[in-house]
Structures are given as C-alpha cells and as structure tokens.
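Below are the chains, spelled out letter by letter.
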Number of protein chains: 2
Amino acid sequence: MSKVIDKNMSQSKVLENILFDAEAIEGLRKLLAERRPTKVFFLVDENTHEHCLPVLLQALGELPHTEVLEVAPGEESKSPEVLVQLWYAMSELGADRHCMMINVGGGMITDLGGFLAGTYLRGISFVNVPTSLLAMVDASAGGKNGINLDSLKNRVGLFLEPELVCIVPQFLESLPDREMLSGFAEMLKHGLIADSEYWGECSRFPIREQAPSGEMIRRSVEIKSAIVSRDFRESGLRKVLNFGHTVGHSIETAGMQTDDPLLHGEAIALGMIAELELSVKFTGLSKEEKDSAVRAIHGIYGELPRGFKSSDLLNFMRSDKKNIGGEIRFSLLREIGEAVPDVSIGEEDITKALKHL
Amino acid sequence: MSKVIDKNMSQSKVLENILFDAEAIEGLRKLLAERRPTKVFFLVDENTHEHCLPVLLQALGELPHTEVLEVAPGEESKSPEVLVQLWYAMSELGADRHCMMINVGGGMITDLGGFLAGTYLRGISFVNVPTSLLAMVDASAGGKNGINLDSLKNRVGLFLEPELVCIVPQFLESLPDREMLSGFAEMLKHGLIADSEYWGECSRFPIREQAPSGEMIRRSVEIKSAIVSRDFRESGLRKVLNFGHTVGHSIETAGMQTDDPLLHGEAIALGMIAELELSVKFTGLSKEEKDSAVRAIHGIYGELPRGFKSSDLLNFMRSDKKNIGGEIRFSLLREIGEAVPDVSIGEEDITKALKHL
C-alpha cells in the first residue's frame with residue numbers, strides 16, 4: 001500500500017467540520033447564530049458539567065433556551081438503559097426537530113450523544129466538544145458513535161458526522177495525567193501508521209510535563225480524517241487505524257475484569273508493542289525501526305501492567321467484531337509511517353508476539 | 001407548485017430497490033447468493049411467523065444459517081424495551097457485520113427491523129418484505145424507520161433505505177378486511193396528491209371484494225418514491241405526503257384512548273375528508289372536486305367512528321412533531337392530483353372543518 005497521507009492535505013476538505021482553539025468557539029457561535037435552534041441541549045457528565053461546561057458557556061455568551069442533560073461519568077453510561085432514559089428526557093423537555101445537541105466530554109459523551117442526536121426524531125443537529133485528549137485525536141473524526149451492550153463495546157451505533165467538532169486544548173487543563181497519556185497513544189499510532197516525521201515529533205515530546213498544542217493535535221486529526229474520508233464505512237483503508245488495536249482491545253477487555261482496569265490508550269500502547277513484533281515477521285518492518293519504536297513507547301509509558309494470559313487474550317481476539325469468519329486479522333507496519341491492513345495471522349504466531357509484553 | 005410526478009418515471013431509478021411479484025422473490029434470492037451473509041435473521045411477529053414466513057422460505061429455497069426473531073404483534077412492540085431485547089438477542093446469536101436481516105411483516109415490523117438493522121454494529125444489510133397493504137404502499141418507500149416512546153409515534157429512528165424491498169401481493173391473502181381498507185387509504189391519498197387518473201382508478205376499485213394487483217400497488221409506490229427521492233430528509237416537497245395526516249394523526253391518537261382504536265388508514269380517511277374541506281377554503285380546490293372525493297371516500301369506508309372532540313384533536317395537532325413553533329400546518333389540494341405543502345391555518349378554521357366529520 002502506498003502512503004495514504006499527503007502532507008499538503010492539511011488545508012483540504014477533510015477538516016472542514018473540525019475547528020481548533022479560538023476558531024472553534026467562534027465557529028460554534030456562528031453556527032448557533034445561523035441555525036437559531038429552538039433549544040440547545042448540552043450532554044455532559046458530572047466532571048465536564050463542573051469543569052468544562054461553565055468555560056464553554058462563558059465563551060459562547062448568552063444562549064436562550066438551554067437544557068443540560070447529565071449522566072454519570074464512566075463507560076457504564078454508554079448503555080441502552082441510559083440511552084433510553086435520554087430519549088425520554090429529550091422528549092419530555094420538548095426537543096423538536098430544530099433543536100441542537102452539544103456533547104461536552106470525553107469519548108463516552110461524544111459516542112453516546114452522537115447516537116442520541118442521530119436517532120432522536122430520526123436525527124437532529126449535533127456538535128461535539130471533546131474534552132479529553134483521546135476524544136480530541138480519536139473520537140473527533142470518523143463519525144463513529146454508539147453504545148455498549150454490557151462488555152461488548154460499540155455493539156450498537158451509527159456512522160454519522162457531527163455538524164461541527166470544536167477542539168479547545170484549554171479543556172485539557174483539568175485532565176488527569178493518566179488520561180493524557182491514554183490519549184497520547186493514539187497520536188503515536190497516527191505517526192506510526194502514516195507519518196514518520198510526526199512519529200518522531202511525538203516520540204520525543206515530554207507528554208508527562210505538558211499538554212500537546214492545538215497544532216500537534218491538529219496533525220493527528222488530519223491523519224485520521226484523511227484516512228476516514230477515503231473509507232467512511234470501514235471497508236478497507238480505514239482498517240489501518242486498527243494498528244495496535246487487535247491486541248490492544250483484547251488487553252483492554254481482559255483489564256476490565258480486574259480491579260484496576262487499563263485505560264484505552266494504555267492497552268493500545270501494549271497492543272502496539274506486540275503488533276510491532278508481528279510487523280517484523282509479517283510485513284517486513286526492520287528490526288531497527290521496531291526496536292526504536294518499542295523503546296520510545298516504553299520510555300513514555302514506563303511500567304504497564306503485565307501478566308495477561310495469552311489464551312484469554314486470544315479468546316477475546318477471536319470474538320472481535322471486526323473478524324470475518326474465524327480469522328484473526330491485524331493492521332501492521334511495513335515501515336514507520338506506512339501501514340498494511342488485513343494481515344491474517346495464526347494463533348501460534350500471535351501467542352509468540354504476546355510473550356513480548 | 002407544479003405537478004411532482006411525471007407519468008413516465010415508472011422506469012426510473014426511484015424504484016431500483018423495490019421489486020414486485022415474482023421479480024421480488026427472484027431479486028431476494030439473487031441478493032442472498034451474491035452477499036452470502038454469514039447468517040440471515042428474520043424478524044417476524046406471531047402472525048407473519050405463521051402465515052408469511054413459511055411461504056417466503058419455501059419460495060427462497062434452502063438457506064444456511066437462519067435465525068428467527070419473533071415479537072408480539074401490534075404497535076406495542078415498536079418500543080425501546082423490545083428494541084433493546086433484540087439488540088441483545090442478535091448479539092447473543094452471533095450476528096456479525098456480514099449477516100443480513102429480513103423483516104417480514106407490516107409497518108411495525110419493517111419500522112422496528114429497519115432501526116434494529118441500521119444501528120446494530122453501526123448498520124448491517126437489511127431487506128423489507130412488507131406483508132400488509134399499508135406497509136407495501138406506505139412503509140416500503142422513503143427509508144423511514146423507528147420506534148415509539150409510549151404514545152409518541154416514531155419519536156426515535158433513522159432515515160435509511162433497505163437494500164431491497166420485496167412486494168409480494170400473495171401475502172395479502174391472509175390480511176383481514178379492515179387492514180386492507182386501512183392500507184387502501186394511502187393509495188387514495190397518492191392519487192389525490194399526485195395523479196388524478198390513478199385517483200379515479202382507485203376510487204372506483206372494489207377494494208371490499210378483491211385485493212389490488214401488483215400493478216396498482218406499484219403506481220402508489222412510484223408516486224411515493226418519486227416524491228421522497230427528491231426530498232429524502234423531509235425538508236419540503238415530501239410534506240405533500242402528509243395530506244390527510246395532520247387531522248388524521250390527531251384522530252388516530254384520540255382513537256388510541258378509546259376501547260376501539262382506529263387503524264391508521266381509517267383515521268387518514270377521516271383526516272382527508274376534513275382536509276378536503278380546508279382545501280376548498282385555503283388552496284382553491286373546487287367544491288365539485290371536493291364533493292366527489294368526499295363521496296368516494298364515504299362510499300369506500302361507510303360509517304367510520306365520529307364524535308371526537310375538536311378541542312382534543314386540536315391539542316394533539318399542536319403537539320405534532322412536524323410543527324415549527326406553535327403553528328399548525330397542512331398539506332392541502334389545489335385540485336385532485338396536485339398538492340400544496342406548508343399551509344398554516346388558524347384554530348378557528350380547523351375547528352370548522354372538523355365539524356364535517
């Protein structure tokens with residue numbers, strides 16, 4: 001596969017509905033003035049209600065007719081039960097076709113709120129204001145939303161782009177360190193699969209000391225948007241975004257069953273280490289590039305939990321919703337900055353790679 | 001507004017995914033052979049499970065990997081609770097992205113099943129096999145699906161076209177007479193809003209003695225599809241399909257609160273009578289055309305329930321989800337075969353028209 005990202009794409013249409021920093025607030029203000037929604041519904045969790053919503057409301061100025069829908073923080077709120085409650089709440093609060101929903105929070109909120117808005121009255125206008133680094137660099141582009149069915153993540157949902165995504169790094173100020181590191185894993189991944197220069201920049205960035213700038217975040221979003229815009233419904237190219245995720249998701253699922261579950265990006269960091277090993281054997285990644293990448297990831301994340309049972313992880317991989325038939329498929333690297341989707345690998349080789357964790 | 005329907009559109013693209021009679025079965029067989037879904041899920045209710053599914057299965061021949069999901073008949077199954085149960089059921093039965101859903105039933109089944117398929121794993125392939133006349137002429141085209149929130153009809157759902165709609169009039173053989181008459185109201189409406197010749201044909205058709213032919217049904221579907229294809233998301237033109245429905249829906253809602261609820265088409269027949277009266281005053285329909293249309297509707301439906309309170313009906317009209325702000329809007333007729341959307345009418349005039357019921 002040839003390189004998917006042209007460095008000059010930054011000004012292209014793919015980022016049309018994603019705005020950054022002051023432009024983001026200005027864009028949202030303009031959209032509200034144009035649309036004049038009958039009512040604005042903010043979906044928040046307890047944390048973003050306290051830390052982010054007031055900042056946003058102050059920046060936006062006076063808004064007539066607002067309602068705030070608050071859910072409990074955490075993945076548990078991405079459930080059918082909460083979704084149904086929210087459908088009823090919107091209805092009781094008189095939401096009509098010309099109201100607008102603004103989702104203010106991490107990926108849980110933007111996933112849940114996007115699905116809520118996409119289905120209420122067969123779809124009302126919605127805007128995402130991601131407040132975690134992970135949501136900014138990952139959930140902001142691609143139009144995926146949805147809820148979980150118990151432990152089955154995103155089992156139900158839609159592909160649907162928000163009208164606008166506002167990325168305001170100021171919100172990262174209240175983000176816990178571990179959450180910051182979790183989001184950073186996706187930035188590293190974007191470099192690894194599509195842009196070796198960006199990978200270099202990220203791998204040297206002192207993420208434990210400072211938040212990434214709007215510019216750094218923008219490049220991640222550009223990479224993801226460029227890939228997604230060429231494959232909106234995930235039939236081919238888009239799969240390269242799954243690098244690190246076949247193993248990573250299984251680790252995340254295994255972690256959920258312990259007392260100290262891993263964050264998504266922590267699991268993906270481990271997943272990338274295992275899949276870098278597989279890339280050497282199956283897609284010709286050089287041992288030197290692999291070693292330097294693994295070293296960088298270890299340098300950033302330090303000690304991550306170990307000791308997951310290979311047989312458990314394999315079980316979870318087998319039930320991944322991306323599988324076709326019984327095969328376990330990976331997106332791997334040919335070199336740093338270039339990914340290859342759809343590599344089927346046998347269980348014996350997977351088990352060997354897991355030993356490196 | 002000029003005529004929206006060109007009589008020569010029958011061969012056009014709008015009916016591409018809707019097939020009739022033997023072609024429908026053949027088309028479905030071909031689609032299954034091409035797609036080779038990992039599993040086929042049939043959604044049925046008790047009645048279509050007994051009367052229609054066996055016929056369909058026999059016509060299709062051997063299918064590997066099928067599952068049948070059965071829900072209780074009646075509008076109550078179009079609920080969040082049933083939807084959530086079905087999401088879990090599909091998941092437990094191992095539905096993956098490459099399975100296919102075939103909805104076999106009336107509008108309740110195609111609405112519920114379309115929403116289920118459109119959201120499970122962010123959308124799997126689905127086919128509708130409408131088995132009631134109403135579902136054939138109304139729900140088959142337009143891509144609307146969804147569920148109710150208590151008495152709020154279709155409060156949640158999607159605009160999403162099925163991959164294929166199979167219209168097989170043979171299924172009408174087991175349809176009760178009252179259901180047949182209910183579906184026929186939409187056929188009459190299609191004539192009234194878009195095709196005076198078709199209206200003439202329908203208004204003389206002995207619907208109490210025989211089922212309409214595939215050809216007659218096809219013309220109804222053509223009219224609806226042509227309107228919908230020009231306005232998929234219901235911003236303008238599509239509203240002409242609401243003729244008879246502003247009053248009709250309010251009567252349907254009022255009827256739900258009695259021991260003997262009206263069927264959709266029965267309420268629409270009454271709604272059309274009231275809106276024919278309004279058309280004379282507001283959109284210049286001639287008194288002669290109005291009188292002949294009202295006479296024809298009475299001739300077909302005979303005695304329909306009366307005695308709804310105007311104030312109740314007005315209340316329901318006010319809360320219709322199609323309203324913008326507080327106005328009550330209608331789609332009315334300029335002449336038989338030509339409709340005008342978006343006519344705002346004051347409550348006094350509406351009350352007068354309701355007296356004709």
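Computed from a prediction, not measured in an experiment: that's the story for all the values here.

A closer look at the overall build of chain A
Logical step 1: In terms of helices and strands, chain A carries 14 helices and 10 strands.
Logical step 2: In summary, chain A has a C-alpha radius of gyration of 20 Å against a globular reference of 21 Å for 357 residues, a match within 12%.
Logical step 3: When the backbone C-alpha atoms are referred to their principal axes, chain A occupies close to 60 × 40 × 35 Å.
Logical step 4: In chain A, which comprises 357 residues, the proportion classed as buried is 59%.
Logical step 5: Across chain A, contacts joining residues at least 24 apart in sequence account for 78% of those joining residues at least 6 apart.
Logical step 6: Working note: accessible area of chain A is about 14,300 Å², and carbon and sulfur atoms make up 48% of it.
Logical step 7: Taken as two groups, the 38 positive and 53 negative side-chain charges of chain A have centres that lie 6 Å from each other.

Examining the packing of helix H10 (residues 245-256) of chain A against helix H11 (residues 264-282) of chain A
All names here are of chain A.
Logical step 1: Look at H10 against H11: their axes get within 7 Å of each other, and the N-to-C directions meet at 135°. Accordingly, the angle class assigned to the pair H10 and H11 is oblique. Handedness of the H10/H11 crossing: right-handed. Contacts between H10 and H11 involve His 245, Thr 246, Val 247, Gly 248, His 249, Ile 251 and Glu 252 from the former and His 264, Ala 267, Ile 268, Leu 270, Gly 271, Ala 274 and Glu 275 from the latter.

Considerations on the relation of the copies chain B and chain A
Relating one copy of the chain to the other requires a rotation about an axis plus a shift along that axis.
Logical step 1: Overlay of chain B on chain A (RMSD 0.0 Å): rotation 180°, translation along the axis 0.0 Å. Between the two chains, the operation in question is that of a two-fold axis.
Logical step 2: The residues that chain B uses at the interface reappear at the interface of chain A in 100% of cases, marking a shared surface.

Overview of the state of the cysteines
Logical step 1: Scanning the entire structure with this criterion turns up zero disulfides over all chains.
Logical step 2: With no disulfide of its own, Cys 99 of chain B lies closest to Cys 166 of chain B among cysteine sulfurs, the gap being 17 Å.

A word on the pattern of salt bridges
Logical step 1: Inspection of every chain in the model, using the stated rule, returns 46 salt bridges over all chains.
Logical step 2: In this structure, Glu 222 of chain A and Arg 219 of chain A form a salt bridge, with 2.8 Å as the shortest nitrogen-oxygen distance. With Glu 222 of chain A and Arg 219 of chain A both in helix H9 (residues 214-229) and three residues apart, this pair spans about one turn of that helix.
Logical step 3: On the accessibility criterion, Arg 219 of chain A (11% relative accessible area) is buried.
Logical step 4: A salt bridge links Arg 318 of chain B to Glu 347 of chain B; the nearest nitrogen and oxygen atoms lie 2.7 Å apart. Here Arg 318 of chain B is found in helix H13 (residues 310-318), whereas its partner Glu 347 of chain B is found in helix H14 (residues 347-354), with 29 residues between them in sequence.

Considerations on the sheet that holds strand E3 (residues 66-71) of chain B
Residues and elements named next belong to chain B.
Logical step 1: Pairing within the open sheet is parallel, and its six strands lie in the order E1-E8-E5-E4-E2-E3. Here the strands that pair on one side only, and so sit at the sheet edges, are strand E1 (18-20) and E3. Pairs of neighbouring strands in the sheet enclose a mean axial angle of 20°, with direction left out of account.
Logical step 2: As judged from the six bridges shared by strand E4 (residues 100-105) and strand E5 (residues 125-130), these two strands associate in the parallel manner. Across the sheet, Asn 103 pairs through a bridge with Asn 128, a residue of E5.
Logical step 3: Helix H1 (residues 21-35) rests against E1, strand E2 (40-45), E4, E5 and strand E8 (164-167) of the sheet, and its axis sits at about 130° to E1.
Logical step 4: Sitting on the sheet, helix H5 (residues 107-119) touches E2, E3, E4 and E5, and the angle it makes with E4 is about 165°.

Description of the packing of aromatic side chains
Logical step 1: Enumeration over the complete set of coordinates arrives at four aromatic pairs over all chains.
Logical step 2: Pairing Phe 115 of chain A with Trp 87 of chain B gives two aromatic rings, centres 6.2 Å apart and planes at 45°, and the pair type is tilted. With Phe 115 of chain A in helix H5 (residues 107-119) and Trp 87 of chain B in helix H4 (residues 80-92), this residue pair bridges two chains. Note on accessibility: Phe 115 of chain A and Trp 87 of chain B belong to one class, buried.
Logical step 3: Just above the ring of Phe 159 of chain B sits the side chain of Arg 122 of chain A; from NZ or CZ to the centre is 5.7 Å.

Observations concerning the sheet that holds strand E2 (residues 40-45) of chain A
Residue and element names in this part refer to chain A.
Logical step 1: Here six strands make up an open sheet; going across it, the order is E1-E8-E5-E4-E2-E3 and the pairing parallel. One side of each edge strand has no neighbouring strand; the edge strands of this open sheet are strand E1 (18-20) and strand E3 (66-71). Ignoring strand direction, the axes of neighbouring strands in this sheet form an average angle of 20°.
Logical step 2: Where strand E5 (residues 125-130) meets strand E8 (residues 164-167), two bridges bridge the pair, whose relative direction is parallel. Pairing of Asn 128 across the sheet is with Val 165, part of E8.
Logical step 3: Here helix H3 (residues 53-60) sits on the sheet and contacts E2, E3, strand E4 (100-105) and E5; the angle it forms with E2, its principal contact strand, is near 150°.
Logical step 4: On the sheet, H9 packs against E1 and E8 and is oriented at approximately 170° with respect to E1.

Re the interface of chain B and chain A
Logical step 1: Listed by partner, the interface residues are 34 residues for chain B and 34 residues for chain A.
Logical step 2: Taken together, the two surfaces of chain B and chain A that pack against each other cover about 3,100 Å², and 56% of this comes from carbon and sulfur.
Logical step 3: When the area that chain B buries against chain A is broken down by residue, the three leading residues are Tyr 88, Arg 97 and Arg 122 of chain B, summing to 26%.
Logical step 4: Counting across the interface, chain B meets chain A through zero salt bridges.
Logical step 5: If you look at where chain B meets chain A, you find 10 residue pairs in polar contact (both at pLDDT 80 or more).
Logical step 6: Residue assignment for the side of chain B that touches chain A shows that the elements contributing at least two residues are H4, H5, strand E6 (144-149) and strand E7 (152-159) of chain B.
Logical step 7: Looking at the side of chain B that touches chain A residue by residue, the classes come out as 16 nonpolar, eight polar and 10 charged.

Observations concerning the environment of Ser 79 of chain B
Residues and elements named next belong to chain B.
Logical step 1: Mapping Ser 79 onto the fold places it in the loop between E3 and H4.
Logical step 2: The class of Ser 79 is buried, set by a relative accessible area of 12%.
Logical step 3: As for Ser 79 and Gly 146, which are separated by 67 residues in sequence, their C-alpha atoms are 9.0 Å apart.
Logical step 4: Ser 79 has contacts with Ile 147 and Asn 148, leaving out every residue within four places of it along the chain.
Logical step 5: Here the side chain of Ser 79 touches Val 82 through a polar contact of 3.2 Å, landing on its backbone nitrogen.

Here we look at the confidence of the model for chain A
All names here are of chain A.
Logical step 1: Mean pLDDT over chain A stands at 91; residues scoring 70 or higher make up 93%.
Logical step 2: Segment residues 1-12 is flagged for pLDDT under 50; beyond a separation of four residues in sequence, or across chains, it makes 26 contacts in the model.
Logical step 3: Taken together, the chains of this predicted complex give a pTM of 0.88 and an interface ipTM of 0.86.

Reading guide: rules and limits
- Residues numbered from 1 in each chain as written.
- Chains lettered and ligands numbered in written order.
- Predicted model: local features only at pLDDT ≥ 70, side-chain atom pairs only at ≥ 80, totals over all residues.
- Heavy atoms only, no water.
- Helix = DSSP H or I, 4+ residues; strand = E, 2+ residues; numbered from the N terminus.
- Rg over C-alpha atoms; globule rule 2.2 N^0.38 Å.
- Buried < 20%, exposed > 50% of the residue type's maximum accessible area, 1.4 Å probe, protein only.
- Contact = heavy atoms within 4.5 Å.
- Areas by Shrake-Rupley, 256 points an atom, 1.4 Å probe, with all protein chains shown as cover.
- Lys, Arg positive; Asp, Glu negative; His and termini not counted.
- Charge placed at Lys NZ, Arg CZ, Asp CG, Glu CD.
- Axes fitted to C-alpha atoms, helices over the stretch in contact; angles between N-to-C directions.
- Parallel < 35°, antiparallel > 145°, perpendicular 65-115°, else oblique.
- Left-handed = near helix turned anticlockwise from the far one by under 90°.
- Least-squares fit on C-alpha atoms with pLDDT ≥ 70 in both.
- Disulfide = S-S within 2.5 Å.
- Salt bridge = Lys/Arg side-chain N within 4 Å of Asp/Glu carboxyl O.
- Pairing = 2+ DSSP bridges.
- Phe/Tyr/Trp six-rings, centres within 6.5 Å; stacked < 30°, edge-to-face > 60°.
- Lys NZ or Arg CZ within 6 Å of the ring centre and 35° of its normal.
- Buried area = accessible area lost by both parts, 1.4 Å probe.
- Polar contact = N/O pair within 3.5 Å; in protein donor to acceptor, adjacent residues only side chain to side chain.
- Nonpolar A, V, L, I, M, F, W, Y, C, P; charged D, E, K, R; others polar.
- pLDDT = per-residue confidence, 0-100.

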